[in-house]
Amino acid sequence: MLDQGEWTAGEISRAVHIPQKEVYAHLGHIMKSLRGDFRMVPAECLACGFKFSKRKSVQSPSRCPLCKNEHIKDPAYFRRATGTGKKEQADRESGETQ
Ligand SMILES: [Zn+2]
């Protein structure tokens with residue numbers, strides 16, 4: 001489902017009917033398996049606009065480190081589109097030589 005746009009943990013939770021806590025656990029696994037293809041839109045403080053861009057965890061931060069505000073926009077997750085197609089091309093080439 002991450003192939004289809006950006007999802008927050010709350011949206012995934014509602015879509016697949018599992019608790020948000022479990023969504024985070026799944027996202028942790030997905031992040032490991034997709035590696036570089038897993039992308040995260042950083043969480044953002046709604047009060048001062050601070051972006052949690054260096055945050056590695058998939059979980060939404062509870063409060064802003066700058067202004068201590070707890071109104072945080074949840075991070076969203078998506079899978080990077082494989083635009084280059086390099087791997088597919090390599091697979092095809094190796095197939096032809098055999
Ligand atoms: Zn803030």
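We now turn to the structure provided with this report.

**Some remarks on the nonpolar core**
Step number 1: Within the largest apolar cluster, 6 residues are counted, these being W7, A9, I12, V23, L27 and Y77.
Step number 2: Only α1 (9-16) and α2 (20-34) provide two or more residues apiece to this core.
Step number 3: In this view, Y77 contacts L2, E6, W7, L27 and M40; residues no more than four positions away in its chain are not counted.

**Notes on the sheet that holds strand β1 (residues 7-8)**
Step number 1: Taken in spatial order, the 3 strands make up an open sheet running β1-β5-β2, and their pairing is antiparallel. The sheet terminates laterally at β1 and β2 (38-41), the two strands that pair on one side only.
Step number 2: Where β2 and strand β5 (residues 76-79) come together, 4 bridges link them in antiparallel fashion. Bridged to F38 within β5 is R79.

**Describing unusual backbone geometry**
Step number 1: At R35, a position not held by glycine, the phi torsion is positive, near 50°.
Step number 2: Structurally, R35 is set in the loop between α2 and β2.

**Some points on the pairing of β5**
Step number 1: Sheet topology places β1 next to β5; 2 bridges connect them, and they run antiparallel. Counterpart to W7 in the pairing with β5 is Y77.

Cut-offs and rules
- Residues numbered from 1 in each chain as written.
- Predicted model: local features only at pLDDT ≥ 70, side-chain atom pairs only at ≥ 80, totals over all residues.
- Core = buried A, V, L, I, M, F, W, Y, C linked by C-beta atoms within 7 Å.
- Buried ≥ 20, exposed ≤ 12 C-beta atoms within 10 Å, placed from the backbone.
- Helix = DSSP H or I, 4+ residues; strand = E, 2+ residues; numbered from the N terminus.
- Contact = placed C-beta atoms within 7 Å.
- Pairing = 2+ DSSP bridges.

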